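This is what each chain is made of:
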Amino acid sequence: MGGIGKTTLAKKAYDHLPIRYHFDIHVWVIISQQFQRRNVLLDACHCILKQTVIDKAKDYDEMDDSELADLVQKNLKGRRYLVVVDDIWSTDVWDSIKGIFRECNNKSRILLTTREREVAMYANPVSPHEMNLLDSDNSWKLLRYKVFGSKHDHPSELEEIGKKIVQNAKDYP
């Protein structure tokens, strides 16, 4: 389901300092429903460019896909990397891009977000994490926190309408 926090959870992990210190390279690529392998390669190159000393004078837009893939693989080789592949929709797309981020047995990780359970199981049948909707109580707590902050209590006259908002959000397709 869209909007339940898959990308937010992945971003929290990606930005978490102990995790950031654990990996040498951090790459975030977004897959759209209109998948283009070239965009994944360019996104990966730009992330790696910010973190390494690869030739900044090169015009990556002028390189072909094979050169870009080689450049990504060359700059990831021997380094421990975290790659987030956000919003992947199909097993075919996973097959198309998994070779870009080759497993090097150096404790690198690839984290996928997807709405499709089949894609998660195909990519790694051992450790998919399935997101669930919050129950009404936790949804209300989250709304209260987001609106009033952690230090502020809410006005009691807003509780009824707040809980209606939570219920309407839950009922929204």
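Residues numbered from 1 in each chain as written. Predicted model: local features only at pLDDT ≥ 70, side-chain atom pairs only at ≥ 80, totals over all residues. Heavy atoms only, no water.

Undergrad: So what's going on with the overall build of the chain? Which residues, and what values?
TA: For the chain, the helix and strand inventory stands at eight helices and three strands. The order of helices and strands in the chain, counted from the N terminus, is α-α-β-α-α-β-α-β-α-α-α. Over its C-alpha trace the chain gives a radius of gyration of 20 Å, far above what one expects of a compact globule, namely 16 Å for 173 residues. Dimensions of the chain, computed from C-alpha atoms along their principal axes, come out at roughly 60 × 35 × 30 Å. Each of the 173 residues in the chain was classed as buried or not, and the buried ones make up 29%. (Helix = DSSP H or I, 4+ residues; strand = E, 2+ residues; numbered from the N terminus. Rg over C-alpha atoms; globule rule 2.2 N^0.38 Å. Buried < 20%, exposed > 50% of the residue type's maximum accessible area, 1.4 Å probe, protein only.)

Undergrad: So what's going on with the pattern of salt bridges? Which residues, and what values?
TA: Two side chains that carry opposite charge are able to pair once their charged atoms sit near each other. For the structure on display, the rule yields six salt bridges. Ionic pairing is found between Asp65 and Arg38, a salt bridge with its closest N-O pair at 2.7 Å. On the criterion of sequence distance, the pair formed by Asp65 in helix α4 (residues 65–76) and Arg38 in helix α3 (residues 37–51) is long-range, its members being 27 residues apart. For Asp65, a relative accessible area of 28% gives the class partly exposed. (Salt bridge = Lys/Arg side-chain N within 4 Å of Asp/Glu carboxyl O.)

Undergrad: Tell me about the packing of aromatic side chains, residues and numbers included.
TA: Two aromatic rings are characterised by how far apart their centres lie and by the angle between their planes. Within the structure shown, the criterion is met by one aromatic pair. Ring geometry for Tyr14 and Trp28: centres 5.1 Å apart, planes at 80 degrees, overall edge-to-face. Of this pair, Tyr14 sits in helix α1 (residues 6–15) while Trp28 is found in strand β1 (residues 25–30), placing the two residues 14 residues apart along the sequence. Residue Tyr14 is classed as buried on the basis of its relative accessible area of 8%. Relative accessible area serves as the criterion here: at 14%, Trp28 is assigned to the buried category. Over the aromatic face of Trp28 sits the side chain of Lys11, whose NZ or CZ is 5.5 Å from the ring centroid. The side chain of Arg20 reaches across the aromatic face of Tyr14, ending 5.0 Å from its centre. (Phe/Tyr/Trp six-rings, centres within 6.5 Å; stacked < 30°, edge-to-face > 60°. Lys NZ or Arg CZ within 6 Å of the ring centre and 35° of its normal.)

Undergrad: Can you tell me about the nonpolar core, naming the residues and giving the values?
TA: Side chains that are nonpolar tend, in soluble globular proteins, to be buried together. Of all hydrophobic cores here, the largest spans 29 residues; its most connected members are Val27, Val72, Ile88, Ile97 and Phe101. Contributing elements (two or more residues each) for this core: β1, α3, α4, β2 (81–86) and α5 (91–97). Top contributing element to this core by residue count: α3, with eight residues. What Val27 contacts, discounting residues up to four positions off in sequence, is Tyr14, Ala44, Cys47, Ile48, Leu82, Val83 and Val84. Of all hydrophobic cores here, the second largest spans six residues; its members include Ala10, Tyr14, Trp28 and Val84. (Core = buried A, V, L, I, M, F, W, Y, C linked by side-chain atoms within 4.5 Å. Contact = heavy atoms within 4.5 Å.)

Undergrad: Pulling in residues and values, what's your account of the side chain of Thr113?
TA: Inspection of the secondary structure assignment puts Thr113 in the loop between β3 (109–112) and α6 (117–123). Look at Thr113 and you get buried, because its relative accessible area is 6%. One polar contact links the side chain of Thr113 to the main-chain amide nitrogen of Asp87, over a distance of 2.7 Å. (Polar contact = N/O pair within 3.5 Å; in protein donor to acceptor, adjacent residues only side chain to side chain.)

Undergrad: Got a sec to walk through the sheet that holds β3? Specific residues and values, please.
TA: Spatially, β1-β2-β3 is the arrangement adopted by the three strands of the open sheet, whose pairing is parallel. In the strand order of this sheet, the two ends are held by β1 and β3, each with one partner. Averaged over neighbouring strand pairs, the angle between their axes works out to 15 degrees when direction is ignored. Pairing of β2 with β3, which is carried by four bridges, proceeds in the parallel orientation. In the sheet register, Val83 faces β3, and the bridge partner there is Ile110. Sheet contacts for α1: β1, β2 and β3; angle to β1, the most-contacted strand, approximately 165 degrees. (Pairing = 2+ DSSP bridges. Axes fitted to C-alpha atoms, helices over the stretch in contact; angles between N-to-C directions.)

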